[in-house]
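# Observations on the three-dimensional arrangement
Next come the chains, spelled out residue by residue.
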Amino acid sequence: MEEEMLASDNNNDAGGDVEQQQDEGGETGLSQDRTPECSGEEEQEQQQQETAATADDYEPCDPLIVLNLFQSLSSTTSSLELQIKINKHLRELTGSPCVFLVPILNSSEEGLIQVINDNVLDKELRFSINSSHLKNASQQNGYPFVIEDLNKDFSEVIEMVVGNKHNTLIFDIKSSRVSKLQTQISTTSASSLTSLPTLASLDGSTTTITNNAQQQPQCNTNGTSNNNCNNHSHPQQQQQIALFVCIAGDNESRSRYQFYIEDTFRYVLGHLLTAFELFEEKRVRYQCQNLLQVARRLLCNIGDLGQLLRGVMTEAKELTTAERCSLFLLDKATGELVSKVFDGNEASKEIRIESGKGIAGYVAQTGKLLNIRNAYQHPLFYKGVDESTGFKTRNILCFPICDEQGVIGVAQLCNKINGFHFDKCDEEVATAFSVYCGISIMHALVHKQVQKAEARYKLSQELLLYHMKVPDTEIQHVLEGVNTSETDQLLVEFPRFDFCPRDVRNYALSVQLSMKMFYDLNFITTFQIPEDKLARFILLVQRGYRDTPYHNWWHAFSVAHFAYSLMTNLQLIEKGIITKMQGFSFLIAAFCHDLDHRGTSNTYQTQSSSPLARLYSSEGSVNERHHLSQAICILNDSSSKILDGLSTEEFKECIDYLRDLILATDLANHFRILPHLKRLRSENLVEPANQRLLLSLMITCCDLSDQIKSWKTVQHVAHLVYAEFFNEGDLEKQMGLHPNAMMDRKKACIPVLQIEFLTTVVRPTFEMLVTIFPQTDAFLATIDSNRHQWEEVKESTSGACSGGSECCEFQGGQEECAVPAEDDGGSAQEG
């Protein structure tokens, strides 16, 4: 009861002081009887005399004390140490029990409190103090500057730091720097220091008292002035509020405090402001470093989207010191925001928010950050969640998470800890943090899609291999037939270059002869290949080829046979020209080089944006990379692992050769390395780089080996090749494209095209092989003979080539081999 009476007496005394001041000339400016007009020279001189008289009433600070203060301040740039020393100095001068500084951060329009007396706060206090709280005096009161309504946050801060023991006087300190805040707040104060004796009373309420310091000439309501009053002519108007000095005291002490504060900050203000700027720069740098650490932690979790989302919420709460965090991802199909993790916990069921509904919906729709200081006063806030959960939401910071295409999610933070609301620093952190969140979530979603694609790919491969599964009885039949009399009859002619593999015509026999290649080259013993796995491997490769006119199993069998013939007849391994590992890889690559060929060229794959093109187009050689992938898939199947006997290093070496050899079958790659191939000679093949070039040259020769066979085979193969070409041309026409002339059945003349192909591609390639191995010069004679045959066909048509396969129907033609144009099936790639 006594305490209440004392408080009441104190309030009455304070009120009496205010009334007394009003009676003594209306110094508070609250009187409404005053006419807005300029004071005139007499009034200005009177004010200057009053100010001088006031200054004479107080004893100036000892210069030695000021010098010692300035010397101690110059030894540090720490804003905390500077504030402690200045607070101590002011307390000693004024005898006030409480002093603290409130620097104004003009970039964010915030006030900052770090030190009370000589105590550094555990958590700095930031509060908004923008232009809406600092206004010009109204024309009615005629005073130059006034705080009409002290910011509520500022009042709460004062009550927090000084309690209810003392009234607090607030003085503003101005500097001559121009800022965003100054452009919005025009003042006409003549001094760099004016007192704003706003008192925070014992109960935390505020009393507004205008500044009655030096009065400046005021403008009339019509905009004129007795003293040429013009805001733009006053150099003082370039000043801005740099900080507030808060000091415990009453109105009777105001003038004395003002004198000592002005005397102190006349010398230390510049150094203090520099320290505050340095503090902000350090804060921003630390914030950037912290965000980089956060980004690193987030990117470590992109493999698990749920864990990543929980990590995002944890990091967001720690960065902004928020009490709660919720994260929503945008469902682009429905436009709804979806959250399966709420406040770091797995929700029993997912939470969905309609587009544009509520705070999160608004942020997702607009893509703009929303900082709500009082949630219950905001029209978008829904109180029902608080009522059902018992949680009290005070303030909210909601920000969008975006990728390159737009908003992908929204993060919502609730209740700032150790603060009144989320401040500008929190907004800056949230904006920067959202970028890292967007990158992490986007990569996590992509990673999840890749994982699903890999899983689907594995399942499809398993399904493919299941349907390609070879019965054990078929394996046994192959093994039994390897040494049959039918096979023995072919052994004499089989290794020769002029043997035509296409004449075999029996799938079972072709598999048995393929096994013979591995036996004859001693690969089975050297690389410890189980016979059943080799048989299964060859059968799986055979089934891996589609039933296209040209790029089918018989083409692979022909290419493999020529590779086998080169190694056998030229004794490449025995003479050390290539190693056994290179020869082994060479033969496998020949069998697998066109696995799962779809009968269309790389160009068509790219133009049609096929799945293969989307998968491999960035790397080039779309078809060849797919063939390599299929080969490795078969080699990795447990039932056909013919590379199991290799060491780890040998396995890597074999796969490396396979990749180079299969990719070398793309003629584009062949022409790219053509200058290097032309420099190959028999005497420089020992160099490792030249050995790889030799293998690339030989695999290309194997791919073109049909052209060095008999004229009968050459004609038959031409029909098969152009059957694929014309079908591809038809597909391109359906797409609205104009196919190449060789793929247009209405324009292509096969003899002309074949003559050009033999002249520009086939003969130059085999010429390089003959240069290295002169014993193969018969190849060139065969090529020239076949080209002569095509020239005769061209002449027999008398220039009236109608295109298609009809122009190849010549005497001795292969009715059983020719493919009429109307029966063309599939499509092809040359070579």
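An account of the accompanying structure is given in this report. (Residues numbered from 1 in each chain as written. Predicted model: local features only at pLDDT ≥ 70, side-chain atom pairs only at ≥ 80, totals over all residues. Heavy atoms only, no water.)

## What to know about the pairing of strand β6 (residues 168-175)
Across the 8 residues of β6, 8 count as buried, placing the element largely inside the fold. With burial as the criterion, each face of β6 is covered, one bearing T168, I170, D172 and K174 and the other bearing L169, F171, I173 and S175. (Buried < 20%, exposed > 50% of the residue type's maximum accessible area, 1.4 Å probe, protein only. Helix = DSSP H or I, 4+ residues; strand = E, 2+ residues; numbered from the N terminus.)

## Digging into the packing of aromatic side chains
Applying the stated criterion across every chain, the model contains 22 aromatic pairs. Ring geometry for W554 and F557: centres 6.1 Å apart, planes at 80 degrees, overall edge-to-face. Residue W554 and its partner F557 are located together in helix α17 (residues 553-569), separated by 3 residues, close to a single helical turn. Each member of the pair, W554 as well as F557, carries the same accessibility label: buried. Taking 6.4 Å as the distance between ring centres and 75 degrees as the angle between the ring planes, the aromatic pair formed by F562 and F766 counts as edge-to-face. Taken as a pair, F562 in helix α17 and F766 in helix α27 (residues 750-772) lie far apart in primary sequence, 204 residues in all. Cluster of aromatic residues (ring-pair linked, three or more members): Y507, F518, F523, F527, W553, W554, F557, F584 and F591. Across from the ring centre of Y376, 3.9 Å away, lies the NZ or CZ of K392, which sits over that ring. (Phe/Tyr/Trp six-rings, centres within 6.5 Å; stacked < 30°, edge-to-face > 60°. Lys NZ or Arg CZ within 6 Å of the ring centre and 35° of its normal.)

## A closer look at the packing of helix α12 (residues 472-481) against helix α16 (residues 531-543)
A packed helix pair is summarised by two numbers, namely the angle formed by the two axes and the spacing between the axes. At a closest axis distance of 10 Å, the pairing of α12 and α16 adopts a crossing angle of 110 degrees. The angle between the axes of α12 and α16 places the two elements in the roughly perpendicular class. Residue-level inspection shows D472, E474, I475, V478 and L479 of α12 in contact with α16, the latter providing E531, D532, A535, R536, L539 and R543. A class-by-class count of the residues in the contact of α12 with α16 yields 5 nonpolar, no polar and 6 charged. (Axes fitted to C-alpha atoms, helices over the stretch in contact; angles between N-to-C directions. Parallel < 35°, antiparallel > 145°, perpendicular 65-115°, else oblique. Contact = heavy atoms within 4.5 Å. Nonpolar A, V, L, I, M, F, W, Y, C, P; charged D, E, K, R; others polar.)

## Side note on unusual backbone geometry
At S609, a residue that is not glycine, the phi angle is positive and equals roughly 50 degrees. Even without a glycine there, the phi angle at S621 is positive, about 50 degrees. On the secondary structure map, S621 appears in the loop between α20 (611-616) and α21 (622-636).

## Notes on the environment of V752
Looking at the element boundaries, V752 is found in helix α27. As a C-alpha pair, V752 and E791 span 39 residues in sequence and 7.8 Å in three-dimensional space.

## A word on the nonpolar core
Judged by nonpolar contacts, the single largest core of 113 residues is most densely connected at F518, F537, L566, F584, F586, L587 and F766. Among the elements that take part in this core, α27 stands out by supplying 12 residues, more than any other. Excluding anything up to four places from it in sequence, L566 contacts F497, Q571, L572, F586, M698, C702 and L769. V312, M313, L327 and A444 belong to the second largest nonpolar core, which has 26 residues in total. (Core = buried A, V, L, I, M, F, W, Y, C linked by side-chain atoms within 4.5 Å.)

## A look at the pattern of salt bridges
All told, the structure shown has 18 salt bridges when counted by the stated rule. Residue R598 is joined to D596 by a salt bridge in which the shortest nitrogen-to-oxygen separation is 3.1 Å. Here the salt bridges share partners, and the residues they tie into one network are D656, R659, D660 and R692. (Salt bridge = Lys/Arg side-chain N within 4 Å of Asp/Glu carboxyl O.)

## Quick look at the state of the cysteines
Enumeration over the complete set of coordinates arrives at 0 disulfides. Here C414 is not disulfide-linked; the sulfur of C325 is the nearest cysteine sulfur, at 8.3 Å. Exposure remark for C414: the relative accessible area of 9% places this residue in the buried category. (Disulfide = S-S within 2.5 Å.)

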